[in-house]
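If you want the building blocks of each chain, they are given just below.
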Amino acid sequence: MTKKDMAEKDTAKKYAALLRGINVGGNKKVPMAELRTVLEGLGHGDVQTYLQSGNAVFSSAQQDPAVLGRELEAAIEGHFGFRVACLVMDGAYLRAVAEACPFPAAELEGKQLHATFWSEQPGPERFAALDEASFLPEEYRLGDRVLYLYVPDGLGRSKLAEALARSAVVKGIDVTTRNWNTVAKLVELTGH
């Protein structure tokens, strides 16, 4: 290992990349082995994928997650021929998201609690038209570029999740949702 390699390894951070809308219903197929190859081709180390839904963990000396996300989006488009939104976040951010969860995560099933990650912080005006009381017992709370979503019957049956996915709420912002089991695993995989 060269001195440069050692210096880069010392400054490398662990990141998670969350790809939006891949491998769903036969659309935007991204095999995880190929995704690992794409990430390694970008010079990232310690590359791992988790599940088939577009979760990757890697280390990089690059300190700006937004730059990493744009580079990965371009590489995926070049390799697969379609654009995929890629939200990249470091392990410290993911840990902070988990610690700030306003719902009792330890008491809930993973399918009941979700985190929707946003490419930028949404303003309260995006949610003004939602009558929160009409969705109870489903609830949401906003955090730092994340929306915590409690859906006791699961995401697939959630009227609140459907309302939150409407274009008036998410227009112009890349978002992607993960269940709490996946969030916890990504925290673990990006830990030091």
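It should be noted that the structure appears before, not after, this text.
No experiment lies behind these values; they were computed from the predicted model shown.

Colleague: Please clarify how the packing of aromatic side chains should be interpreted in this entry.
Modeller: The relation between two aromatic rings is expressed through the spacing of the ring centres and the mutual angle of the planes. Taken as a whole, this structure holds 7 aromatic pairs when the rule is applied. Arranged with centres 6.0 Å apart and planes meeting at 65 degrees, the rings of tryptophan 118 and phenylalanine 127 form a pair that is edge-to-face. Side by side, tryptophan 118 and phenylalanine 127 carry an identical accessibility label, which is buried. Members of the aromatic cluster, each reached through a chain of ring pairs, are Trp118, Phe127 and Tyr140. Directly above the ring of tyrosine 93 sits arginine 145, whose terminal nitrogen or CZ lies 4.3 Å from the centroid.

Colleague: Just to check I follow, could you spell out helix α4 (residues 91-99) for this structure?
Modeller: For an α-helix the count is 3.6 residues per turn, leaving residues at separations of three or four pointing the same way. Within α4, the full set of buried residues consists of Gly91, Tyr93, Leu94 and Val97. Along the axis of α4, the buried positions cluster into a sector of 160 degrees, meaning they face one direction only. Turning to α4, the residues buried within the fold contact β1 (13-19), β4 (86-90), β5 (113-118), β7 (146-150) and α7 (180-190). Of the residues that open α4, the one with a side-chain oxygen 3.1 Å from the backbone nitrogen of alanine 92 is aspartate 90.

Colleague: Teacher, can you tell me more about the pairing of strand β2 (residues 45-50) here?
Modeller: Inspection of the sheet shows β2 paired to strand β3 (residues 55-60) by 4 bridges, in the antiparallel sense. Following the sheet pairing, tyrosine 50 is matched in β3 by asparagine 55. With antiparallel pairing between neighbouring strands as the criterion, β2 and β3 make up a hairpin whose turn holds 4 residues, including leucine 51 at a positive phi of roughly 60 degrees.

Colleague: How do you make sense of the sheet that holds β2 when you look at a structure like this?
Modeller: Strand pairing in a sheet relies on backbone hydrogen bonds, with the paired strands running either antiparallel or parallel. The antiparallel open sheet is built from 4 strands, whose spatial order is β2-β3-β1-β4. Each edge of the open sheet is held by one strand with a lone partner, namely β2 and β4. Averaged over all pairs of adjacent strands, the angle between their axes in this sheet comes to 20 degrees, without regard to strand direction. Sitting on the sheet, helix α2 (residues 32-41) is in contact with β1, β2 and β3, with an inclination near 155 degrees to β2. Contacts between α4 and the sheet are confined to β1 and β4, with β4 contributing the most and set at about 85 degrees to the helix.

Reading guide: rules and limits
Residues numbered from 1 in each chain as written. Predicted model: local features only at pLDDT ≥ 70, side-chain atom pairs only at ≥ 80, totals over all residues. Heavy atoms only, no water. Phe/Tyr/Trp six-rings, centres within 6.5 Å; stacked < 30°, edge-to-face > 60°. Buried < 20%, exposed > 50% of the residue type's maximum accessible area, 1.4 Å probe, protein only. Lys NZ or Arg CZ within 6 Å of the ring centre and 35° of its normal. Helix = DSSP H or I, 4+ residues; strand = E, 2+ residues; numbered from the N terminus. Arc of directions from axis to C-beta. Contact = heavy atoms within 4.5 Å. Polar contact = N/O pair within 3.5 Å; in protein donor to acceptor, adjacent residues only side chain to side chain. Pairing = 2+ DSSP bridges. Axes fitted to C-alpha atoms, helices over the stretch in contact; angles between N-to-C directions.

Geometric values such as these leave the question of function open.
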